[in-house]
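Now for the letters of each chain:
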Amino acid sequence: MLQNRGLAGESEPEVLGQDVGNKGVLIFNRPKALNSLNLNMVQLTNDILTRWEKTKTFVISKGSGGKAYCAGGDVKAITTNKDTSYGKNLFRTEYLTNCLIATYTIPYIALIDGVVMGGGLGMSIHGHYRVATEKTLSAMPETAIGLFPDVGASYFLSRLKGKLGIYLALTGYRLKGPDNLFVGFATHYCPSAELPKLEKDLLASDNPREILKPYEKAPEGSQFSLEPFVEKIDYIFSAPTMEAIIERLEKDGSEWANTTLATLRKFSPLSLKVTLKELQLGSQLNLQECFKMEYRLAWRSTEGHDFIEGVRALLVDKDQNPKWNPSTLEGVSQKMVDDFFAPLDPENELKPRSGPKSSL
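Residues numbered from 1 in each chain as written. Predicted model: local features only at pLDDT ≥ 70, side-chain atom pairs only at ≥ 80, totals over all residues. Heavy atoms only, no water.

Read from one edge of the open sheet, four strands run S4-S6-S8-S9, paired in mixed fashion. The open sheet has two edge strands, strand S4 (68-70) and strand S9 (175-176), and neither has a second partner. As defined by bridge partners, strand S6 (residues 115-117) adjoins strand S8 (residues 137-139) across three bridges and the pair is classed as parallel. Counterpart to Val116 in the pairing with S8 is Ser138. (Pairing = 2+ DSSP bridges. Helix = DSSP H or I, 4+ residues; strand = E, 2+ residues; numbered from the N terminus.)

Here is the structure:
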């Protein structure tokens, strides 16, 4: 009953919608879980944003607790629920909400302070403005748990410069602070301690673009952490198959390549192959088509082995020893990969909101 009423514990709602005159402040309010999203939260978010689009001049979103904007979807709740319809409903509502943000007709400003991973990027990166801080830690770490980068990642990662998006999707590399500005996950940068002042200034203005102008640059002297490896990433991750990517990493032989190899070898072989195809296809699809494709992948993942096993090994039992099936890249047939992408029955297909990608 508490879940249905949207309560966190026994007191506050898991998503707060604060009316500040003609502006709205949306707060993910599950701090003990680093604001990770359950079905109730994404439904509340969708309801609030749908209402505000007609009544507000702009929306600010942020996380409570001081540690995270949003650490992603609550995958434990999905994989430990014996009814797969819970996960399918969560993914469906989450992707519809991501697409709502992506096509929002008023400015949406995400203050991405702290951890912002997976579903947290879905709730921020599709908006007009994303303000990172020195505490921002972002990643799409899904291949480590037998899943795939979702929440529109097939669209936004496939459009990063060179092959950086494929690298981030396959490895789950973590971007810290100004890195998020360099890759485009953030549009602005503000020291964490100054965020309250920035929020106050925004809420006192009807021109968020003007208020945000002084925050367009990274701190003086900051450098992109992957800059020394960009050429290697573009060459190695332009290979058409996972086997060819592994082969190029082995031939490279550098410390960076060996570390990357060690990372990839821990992850689900099936997820790696699904993810590579997902981004290759996503680069040629529009936003709505990407969400529709990702929902097909999510549907199959909730019914498959590796997602449940990956969450068990890393987040439930925490033995860090997932038993992937298949256990090798060679064991993953093309048919296994292609089956993930097959159309669903028409009544089950995702029907995302139409409209152009937001840009102001």
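Before going further, it helps to spend a moment on the UniProt feature "domain: Enoyl-CoA hydratase/isomerase" (unreviewed entry) in the protein chain. UniProt feature "domain: Enoyl-CoA hydratase/isomerase" (unreviewed entry): in the numbering of this structure it lies at residues 24-341. Taken end to end, residues 24-341 has its terminal C-alpha atoms 38 Å apart, with 48% of it in helix and 10% in strand. (UniProt positions renumbered as here; feature names shortened; annotations may be inferred.)

What follows covers the pairing of strand S1 (residues 15-20). Taken together, the six bridges between S1 and strand S2 (residues 23-28) define a ladder with antiparallel strand orientation. Bridging across to S2, Val15 finds its partner in Phe28. Linkage of S1 to S2, two consecutive antiparallel strands, is achieved through a turn of two residues, within which Gly21 is found at a positive phi near 60°.

Turning our eyes to something else, we now look at the side chain of Glu294. Inspection of the secondary structure assignment puts Glu294 in helix H15 (residues 287-303). The buried charged residue Glu294 lacks any salt bridge partner; its closest oppositely charged side chain belongs to Arg159, at an N-O distance of 8.9 Å. From its side chain, Glu294 meets the backbone nitrogen of Gly152 in a polar contact 2.8 Å long. Separated by 2.5 Å, the side chains of Glu294 and Ser154 make a polar contact. Residues in contact with Glu294, not counting those within four places in the same chain, are Tyr95, Phe148, Pro149, Asp150, Val151, Gly152, Ala153, Ser154, Tyr155 and Glu278. (Buried < 20%, exposed > 50% of the residue type's maximum accessible area, 1.4 Å probe, protein only. Lys, Arg positive; Asp, Glu negative; His and termini not counted. Salt bridge = Lys/Arg side-chain N within 4 Å of Asp/Glu carboxyl O. Polar contact = N/O pair within 3.5 Å; in protein donor to acceptor, adjacent residues only side chain to side chain. Contact = heavy atoms within 4.5 Å.)

Further remarks concern the environment of Val116. Mapped onto the elements of the fold, Val116 is located in strand S6. By relative accessible area, Val116 is classed as buried at 0%. Counting along the chain gives 59 residues from Val116 to Leu175, while the straight-line C-alpha distance between them is 9.9 Å. Setting aside anything within four residues of it in sequence, one finds Val116 in contact with Tyr69, Cys70, Leu121, Ser124, Thr136, Leu137, Ser138 and Ala139.

As a further point, take the pattern of salt bridges. Inspection of the entire model under this criterion finds 19 salt bridges. Lys197 is paired through a salt bridge with Asp201; the nearest N and O atoms lie 2.8 Å apart. Of the two residues, Lys197 and Asp201 are both situated in helix H9 (residues 195-203); the distance of four residues between them amounts to about one turn of the helix. Between Lys335 and Asp339 there is a salt bridge, and its shortest N-O distance comes to 2.9 Å. Here Lys335 and its partner Asp339 are both found in helix H17 (residues 334-341), four residues apart, which amounts to about one turn of the helix. Overall, Asp339 belongs to the partly exposed group, its relative accessible area being 36%. Salt bridges here are not isolated pairs; linked through shared partners, they connect Glu309, Arg312, Asp317 and Asp319.

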